[in-house]
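Per-entry structural report
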Amino acid sequence: MCGIVGYVGPKRAQDVVIDGLRRLEYRGYDSAGIAVVHEGELALAKRAGKLANLDKVLADTPLPPAHTGIGHTRWATHGRPNDVNAHPHTGGARRVALVHNGIIENFVELRSRVEADDHVFLSETDTEIVAHLVELQVQSGVDLPTAMQRVCQQLDGAFTLVAVDAEDPDRVVAARRNSPLVVGLGEGENFLGSDVAAFIEHTREALELGQDQIVTITRDEVTVSDFWGRPVEAQRFHVDWDLSAAEKDGHDWFMRKEIFEQPRAVADSLIGRRTTGGLLQLDEMRLADEEIRDLDKIIIIACGTSFYAGMVAKYAIEHWTRTPVEVELASEFRYRDPIVDATTLVVAISQSGETADTLQAIRHARSQRAKVLAICNTNGSSIPRESDAVIYTHAGPEIGVASTKGFLTQLVACYLLALYVAQVKGTRFGDEIDEIMVQLEAMPGHIETVLAQSDAVYELARAHTSTRSVLFLGRHAGYPVALEGALKLKELAYLHAEGFAAGELKHGPIALIEDGLPVLCVVPPRGRDQLHGKMLSGIQEVRARGARTICLAEEGDSTIEPYADDLVRLPRVPVLLQPLVAIVPLQLFACELATALGHDVDQPRNLAKSVTVE
Ligand code: F6R
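Each value, and the rule that gives it
Residues numbered from 1 in each chain as written. Predicted model: local features only at pLDDT ≥ 70, side-chain atom pairs only at ≥ 80, totals over all residues. Heavy atoms only, no water. UniProt positions renumbered as here; feature names shortened; annotations may be inferred. Salt bridge = Lys/Arg side-chain N within 4 Å of Asp/Glu carboxyl O. Helix = DSSP H or I, 4+ residues; strand = E, 2+ residues; numbered from the N terminus. Buried < 20%, exposed > 50% of the residue type's maximum accessible area, 1.4 Å probe, protein only. Pairing = 2+ DSSP bridges. Core = buried A, V, L, I, M, F, W, Y, C linked by side-chain atoms within 4.5 Å. Contact = heavy atoms within 4.5 Å.

In the nomenclature of an unreviewed UniProt entry, the protein corresponds to Glutamine--fructose-6-phosphate aminotransferase [isomerizing] from the organism Nocardioides silvaticus. According to its UniProt record, the protein has this under Subunit (unreviewed entry): "Homodimer."

**Remarks on the pattern of salt bridges**
Under the counting rule described, the total for this entry stands at 40 salt bridges. Linking lysine 50 and aspartate 600 is a salt bridge whose minimum nitrogen-to-oxygen distance equals 2.6 Å. One end of the pair, lysine 50, is in the loop between strand E3 (41-48) and helix H2 (51-60); the other, aspartate 600, is in the segment after helix H19 (579-596), with 550 residues separating them in the sequence. The exposure class of aspartate 600 is partly exposed, given its relative accessible area of 23%. Between arginine 171 and aspartate 143 there is a salt bridge; the shortest N-O distance is 3.9 Å.

**Focus: the UniProt feature "domain: SIS" (unreviewed entry) in the protein**
Residues annotated by UniProt as "domain: SIS" (unreviewed entry) correspond here to residues 288-427 and 456-604. From the first C-alpha to the last, residues 288-427 spans 17 Å; its make-up is 46% helix and 20% strand.

**Some remarks on the pairing of strand E12 (residues 213-217)**
Counted residue by residue, E12 has five buried out of five residues, so it is predominantly covered. When strand E8 (residues 168-177) meets E12, the two strands line up antiparallel, connected through five bridges. The partner of valine 173 across the bridge, within E12, is threonine 216. Looking at chain direction, E12 and strand E13 (residues 222-226) are connected through five bridges and run antiparallel. Bridging across to E13, threonine 216 finds its partner in threonine 223. Hairpin connection of E12 to E13: four residues between the antiparallel strands.

**Some words on the nonpolar core**
Residues Trp320, Leu373 and Leu489 are the most contacted members of the largest nonpolar core, which totals 94 residues. Of all the elements, helix H13 (residues 405-425) adds the most residues to this core, at 15 residues. Sequence-distant contacts of leucine 489, defined by excluding residues within four places in its chain, comprise Val470, Phe472, Tyr494, Leu495, Ala497, Phe589, Ala590 and Leu593. One finds Tyr29, Val36, Leu63 and Phe199 within the second-largest nonpolar core, a separate group that totals 33 residues.

Put into structure tokens, the structure is as follows:
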């Protein structure tokens, strides 16, 4: 939530900061703002709504040609999304400007302390008090880094803060606790960003910051300390993504581009996973074979789309390893006093690596002595940093707010984890694992085959612009696909959409079926005859009550034809791997329907890409 940028260097700060915000806008778009320091004064501009609104303000009244600046794109927590609540906020004397991502939990108490001294607050935010406190500190004679340290010592909650001081024009100071912040290392210039997309155009060398750290950037120097001023060695890393990966590549939406990148993303996530001897290797595993053999339970924690990837993982892990798996919403996990100990492996799945609910859940798991393995797409983010082991997915940057290639590569990582555990525990023979790996390696080609039908799926989607409700049915590994298909439609097309396990329908939800209601059905492959037959019965039941069925069924499955009003063909793949192909038409359907309805697909209302508040 919220995107943050900071810059010091020879370029025009306004240009660098606004370009950075453009790449971070997926993190929140309730308002945007910028502050630069020029000739001992702050110049500020901010506007409610998308960055385009701020662009208009700056086109009419550009900021002075400063070389130091900070910027913010907001996902509102405290206070409505209006001009006044937009960041940056300043102290009463307009000497310090500050932007913030996160929540200051004790802001009311802090605010009442200074209100007694006649401080006037303009906004309803939890951020403004921090700007006042930092300004009070610099006015007392300390420098900006020291001021930031002293203020951070008083704050409760989650925050990334970035500040400038009008009287210290060549320095930007930032702090982080439980919210993301990375440093971009340039030549004679340095950058701050919520993630590397903020500065990827300028540099691919970066520093990751740890918890409770303060960073100061000037043109030539980056210094890191803890909240008490003790120097800290930050970890340097090279960013593999390039600028083109963060651009749209001719597509109308990042989401559509990302859907079409899925064959490559899946292939990349499979690269280098086998030794020359054919054994699976996951070198970011960092868990000893002994620890894996001793596991008696796996708990998967995640949110949203990542949670559905976890649901698919349960089918694969239990089937291939015979290890019991629980899948739990991260936001519920620590509140129910879960039974977790040193023989439990907790698997945290997160595309962004910054989801606050998941981060808090893994902290709870580790406090109970469980080992935590992260499945994550974002190098250097908090969740892998705080885990015992990590399997990185190699989806590349996911900019569209709705997760697509993030999901597919999470599935790949889950399959790899399941096979690795099977190899170590000896629950599958080597040749069985080989066979599944060969099937996995064929998936990019199968996904291409599904993508080749995109025009037909788009046509179907456009035929549903007046639909108010859509149901999704699946069984077994197709059930999470139905849930994910419904989530995509909700978040993009703002339609009522629900996913059901097909067998559960007759226990209540079938009452929802009425004439003409579209029902999307994920039909399992015929190899599992019982499953396939049961699904067919479910489809007949809804059809008999007037539903219009859109069936996703494998090539050559003629048994489905009498029951499908529309049919999308899937390649023939094993049931456990079918989610990798079955979700693709559902992503295309949601993307196209939302486009036809005139919605902003990359930035759906009320959402943010990275949910860094609980
Ligand atoms: C839906 C979507 C969200 C995320 C969820 C978890 O399209 O993107 O449901 O999946 O917020 O995010 P990560 O995976 O970053 O932890």
